Amino acid sequence: MTSSEYIDKFIINQANKLQEQESFLASIMVLTIGIEVLGGFFDKKPIKSPKQSKLRFKMAIDKLLGGKYAELNRDDYLYEALRNQLVHSLMISRYITLSDSEKHLSMLGKSILFNPKDFLDDMEKAVTKLKQLLAEGNAFEKRIPDHAEDIMKIVI
């Protein structure tokens, strides 16, 4: 499995399926962890390298998502409020409000409005950008474990 196939199958396709089932929190979790995974393509370490989460999350935000994401992640705010909260407690921070109608990444008081569908769209664009960087040699291909195909047969 190539790096691009891995990203499509494990991040984008899974998030799409979860949103089709209206499992938006699960979709956000896949996409949020996906940010960290995408950041891993900017270093030479194996995809499963430990203690790289904050650095990889920031790298993906800065190089692939940019804009409002980068602005909101100053001082690792999105990393803490979104990624850490989800990974460690299956909850998002009280400073992030899920919304299906409000403007994605805008502020409502002290809370960031976060639209899962817009997040998926933004991640699809980030993946397209990463694939281009991989093709140009400006990101690093990763060895994807041989059993990844077997996992996908079970998950999908």
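Preceding this paragraph is the structure being described.
Just so we're clear, the structure is a prediction, and the values are computed from it rather than from any experiment.

Here we take up the packing of helix α2 (residues 24-39) against helix α6 (residues 116-136). Packing of α2 against α6 leaves a shortest axis separation of 10 Å and a crossing angle of 25°. Relative to α6, the element α2 lies roughly parallel. Read as a crossing pair, α2 and α6 show a hand that is left-handed. Counting all contacts with α2, which are made through F24, I28, L31, T32, G34, I35 and L38, the residues of α6 involved are P116, K117, F119, L120, M123, A126, V127 and L130. A breakdown of the residues in the contact of α2 with α6 according to their chemical character gives 12 nonpolar, two polar and one charged.

A few words now on the environment of G39. Counting through the fold element by element, G39 comes out in helix α2. Separated by 100 residues in sequence, G39 and A139 place their C-alpha atoms 9.5 Å apart. Excluding residues that lie within four positions of it along the chain, G39 makes contacts with R56, M59 and A60.

It is worth spelling out the nonpolar core at this point. Among the nonpolar cores identified, the biggest contains 40 residues, and L38, F41, M123 and L130 are the most heavily contacted of them. Elements with a minimum of two residues in this core: α1 (3-20), α2, α3 (53-65), α4 (67-72), α5 (77-89), β3 (111-114) and α6. Among all residues touching F41, those that are not within four sequence positions of it are S3, Y6, I7, I47, L130, L134, A139, F140 and K142.

Moving on to the sheet that holds strand β2 (residues 107-108). With mixed pairing, three strands are arranged side by side in an open sheet as β1-β3-β2. Taken across any chain shown, the strands that pair with only one partner, and hence form the sheet edges, are β1 (96-98) and β2.

Another aspect to go through is the packing of α2 against α3. Following both chains from N to C, one finds α2 and α3 inclined at 85°, their axes separated by 7 Å at the closest point. With respect to α3, the axis of α2 lies roughly perpendicular. Where α2 approaches α3, its residues T32, I35, E36, L38 and G39 are matched on the opposing element by S53, R56, F57, M59, A60, I61, L64 and L65. Classifying every residue of the contact of α2 with α3 by side-chain character gives eight nonpolar, three polar and two charged.

Definitions and cut-offs
Residues numbered from 1 in each chain as written. Predicted model: local features only at pLDDT ≥ 70, side-chain atom pairs only at ≥ 80, totals over all residues. Heavy atoms only, no water. Axes fitted to C-alpha atoms, helices over the stretch in contact; angles between N-to-C directions. Helix = DSSP H or I, 4+ residues; strand = E, 2+ residues; numbered from the N terminus. Parallel < 35°, antiparallel > 145°, perpendicular 65-115°, else oblique. Left-handed = near helix turned anticlockwise from the far one by under 90°. Contact = heavy atoms within 4.5 Å. Nonpolar A, V, L, I, M, F, W, Y, C, P; charged D, E, K, R; others polar. Core = buried A, V, L, I, M, F, W, Y, C linked by side-chain atoms within 4.5 Å. Buried < 20%, exposed > 50% of the residue type's maximum accessible area, 1.4 Å probe, protein only. Pairing = 2+ DSSP bridges.

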